[in-house]
Amino acid sequence: MQVQRRSPDYTLMAVVALLLGIGVVMVYTSSTAIAEADFGNRYYFLVRQVIWVGIGLAAMTFFASISPWYWQKHSRTALLVAIGLLILVIIPGVGIERLGARRWLGYGQLSFQPSEVTKFAYIMWLSTYLAKYARDVTDFVRGLLPPVLVMGLLFGLIMLQPDLGTSMTLAGTGALMLFSAGARLTHLAGLGVVVVMRLQRSSSIFARAKIDEERWSRITTFLNPWADPTDSGYQIIQALLAFGSGGLFGVGLGESRQKYFYLPERHTDMIYAVLGEELGFIGAALVLLLFFAFAWRGYRIAIQAPDRFTSLLAAGVTSLITLQAALNIAVVTASVPSTGIPLPFLSYGGTSLLITLSGVGILLGVSRYCRN
């Protein structure tokens, strides 16, 4: 396909740069206490986050320079590799186990989560499939069932780790892409009902969670965290106290009290709570507006993309990152059960940041071929 190549979406780049800047500042201010206590260096996490931001920006630039149709040619291979990695990670002795979950491959600190790669591999494959079988998407058996079965396979493999947050994000992104491609809402709703009913039976997540008291408590704690304020409800109560302390304008940058060993995961999954405490409602709202701006530019790229494949690819990447942000913020504000999903661009963590910025690079690559 001959399409004129243009400059990437600079507005999207500016939004991502602002989120990264806020993230670096908040990683530093939220981690100083634990970095000083554990490593004797208050800059320990800051230095590593800055390094990963640099690596991530290099990856973003690299992926932005690649033709988006390259991913169409290699989408099946990417999906098969992702499935193979998911199988490897659940094998005892191969996958790295931390805090009761086996989600990593690698050695020591040099490790990554195959589920992070899987999300983008599935987006590439699903975009290719829906572009090829565009006319069949309204047919449940010929058009809708194959991608749903693949999604179910990936969902199941990720749940074996277990990782409910990533599984739900993958399923939500797939559903949004199917809807964007023209799938009937009645079919998607029907599948949703079937899945929920199935999950409530013997093979369900909830049945497994009841056996595992820790995971079951995650599902129920958000309903009433004060029922067990010193154990299962402790983290979310501390997060809500952080937001309450912040008020409208916050207690001031670097003045968080919750970071002094009250709030667990303060610089990773719960970083939005520290931001709300230090910068108040104004700062928290600014981050929300930046994610809305990211979604707006991403879906705008999808609408103006040159063909069906690139449109679905852009919509998938945008949906994935936006859903992750929405899910993290919902967890921190006690709107949904805890899932362990980091906040894109802000939370401390090398693998997640690298892969997210690589996804942004793919999105920018599509923007270089958009129509005016």
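Residues numbered from 1 in each chain as written. Predicted model: local features only at pLDDT ≥ 70, side-chain atom pairs only at ≥ 80, totals over all residues. Heavy atoms only, no water.

Draft legend 1. Layout of the packing of aromatic side chains. In the structure shown here, the tally under the stated rule is 15 aromatic pairs. Residues tyrosine 44 and phenylalanine 45 carry aromatic rings whose centres are separated by 5.1 Å and whose planes lie at 85° to one another, so their mutual orientation is edge-to-face. Just as tyrosine 44 is buried, phenylalanine 45 falls in that class too. Aromatic pair phenylalanine 62 and phenylalanine 63: ring centres 5.4 Å apart, planes at 75°, arrangement edge-to-face. Taken together, the ring pairs connect Phe39, Tyr44, Phe45 and Tyr348 into an aromatic cluster. Sitting over the face of the ring of tryptophan 296, arginine 297 holds its NZ or CZ atom 4.6 Å from the ring centroid. (Phe/Tyr/Trp six-rings, centres within 6.5 Å; stacked < 30°, edge-to-face > 60°. Buried < 20%, exposed > 50% of the residue type's maximum accessible area, 1.4 Å probe, protein only. Lys NZ or Arg CZ within 6 Å of the ring centre and 35° of its normal.)

Draft legend 2. Seen up close, the confidence of the model for the protein chain. When pLDDT is averaged across the protein chain, the result is 85; 88% of the residues are at 70 or more. Predicted confidence is poor over residues 202-211, with pLDDT under 50, and the contacts of this stretch with residues over four places away or in other chains come to 19 contacts. (pLDDT = per-residue confidence, 0-100. Contact = heavy atoms within 4.5 Å.)

Draft legend 3. Quick look at the sheet that holds strand E2 (residues 101-107). The three strands are arranged E1-E2-E3 in an open sheet whose pairing can be described as antiparallel. The two strands at the open ends of the sheet, each matched to only one other strand, are strand E1 (96-98) and strand E3 (110-112). Each strand of the sheet is rotated relative to its neighbour by a mean of 45°, with strand direction disregarded. The pairing of E1 with E2 spans three bridges and is antiparallel. Of the residues in E2, the one forming a bridge with arginine 98 is alanine 101. Docked against the sheet, helix H4 (residues 75-89) engages E2 and E3, running at close to 105° with respect to E2. (Pairing = 2+ DSSP bridges. Helix = DSSP H or I, 4+ residues; strand = E, 2+ residues; numbered from the N terminus. Axes fitted to C-alpha atoms, helices over the stretch in contact; angles between N-to-C directions.)

Draft legend 4. Seen up close, the pairing of E2. Within E2, five of the seven residues are buried, which leaves the element mostly enclosed by the surrounding structure. Inspection of the sheet shows E2 paired to E3 by three bridges, in the antiparallel sense. Looking at the pairing, glycine 106 lines up with serine 111 of E3.

Draft legend 5. Main features of helix H12 (residues 271-304). Over its 34 residues, H12 runs only 34 Å from end to end, short of the ideal 50 Å by more than 12%, given 1.5 Å per residue. Its axis deflected by about 125° at glycine 280, H12 carries its strongest bend there. (Expected span 1.5 Å × (residues − 1). Bend = angle between axes of the 7 residues up to and from the residue.)

Draft legend 6. Representation of the side chain of glutamate 277 in the model. By secondary structure assignment, the location of glutamate 277 is in helix H12. Here glutamate 277 occupies a buried position and makes no salt bridge, while the nearest side chain of opposite charge, arginine 257, is found at 4.7 Å. A polar atom in the side chain of glutamate 277 sits 2.6 Å from the side chain of serine 256. From its side chain, glutamate 277 meets the backbone nitrogen of arginine 257 in a polar contact 2.9 Å long. In contact with glutamate 277, not counting residues within four places along its chain, are Ala242, Ser245, Gly246, Gly250, Val251, Ser256, Arg257 and Gln258. (Lys, Arg positive; Asp, Glu negative; His and termini not counted. Salt bridge = Lys/Arg side-chain N within 4 Å of Asp/Glu carboxyl O. Polar contact = N/O pair within 3.5 Å; in protein donor to acceptor, adjacent residues only side chain to side chain.)

Draft legend 7. Inspection of the pattern of salt bridges at higher detail. Here the structure, examined in full by the defined rule, presents two salt bridges. Note that glutamate 116 and lysine 119 form a salt bridge whose closest N and O atoms lie 3.2 Å from each other. Of the two residues, glutamate 116 and lysine 119 are both situated in helix H5 (residues 114-132); the distance of three residues between them amounts to about one turn of the helix. Of the two residues examined, glutamate 116 and lysine 119, each falls in the buried class.

Draft legend 8. Molecular detail of the nonpolar core. Phe294, Phe345 and Leu346 are the most contacted members of the largest nonpolar core, which totals 96 residues. The greatest single-element share of this core, amounting to 13 residues, is contributed by H12. Sequence-distant contacts of phenylalanine 294, that is, excluding residues within four places in its chain, are made with Leu12, Val15, Val16, Thr318, Ile321, Thr322, Phe345, Val360 and Leu363. (Core = buried A, V, L, I, M, F, W, Y, C linked by side-chain atoms within 4.5 Å.)

Draft legend 9. Highlighting helix H13 (residues 308-332). Between the first and last C-alpha of H13 there are 36 Å, a value that for 25 residues agrees with the 36 Å anticipated at 1.5 Å per step. Across the 25 residues that make up H13, a large majority, 20, are buried.

Draft legend 10. Molecular detail of the environment of glutamine 304. Turning to its location among the elements, glutamine 304 is positioned in helix H12. When its relative accessible area of 19% is taken as the criterion, glutamine 304 is described as buried. Spatially, the C-alpha atoms of glutamine 304 and tyrosine 369 are 8.7 Å apart, while their sequence positions differ by 65 residues.

Draft legend 11. Representation of a nonpolar patch on the surface. The grouping of Tyr43, Val47, Ile51, Trp52 and Ile55 at the surface amounts to a nonpolar patch, some 430 Å² of accessible area in total. Structurally, isoleucine 55 is set in helix H2 (residues 44-64). When its relative accessible area of 37% is taken as the criterion, isoleucine 55 is described as partly exposed. (Patch = residues over 30% accessible without salt bridge, like charges linked within 9 Å, V, L, I, M, F, W, Y side chains within 5 Å. Areas by Shrake-Rupley, 256 points an atom, 1.4 Å probe, with all protein chains shown as cover.)

Draft legend 12. Unusual backbone geometry, seen in detail. The residue alanine 334 is not glycine, and still its phi comes out positive at about 60°. Structurally, alanine 334 can be placed in the loop between H13 and helix H14 (350-367). Although it is not a glycine, phenylalanine 345 sits at a positive phi angle of roughly 75°. Mapped onto the elements of the fold, phenylalanine 345 is located in the loop between H13 and H14. Its relative accessible area of 3% is what places phenylalanine 345 among the buried residues.

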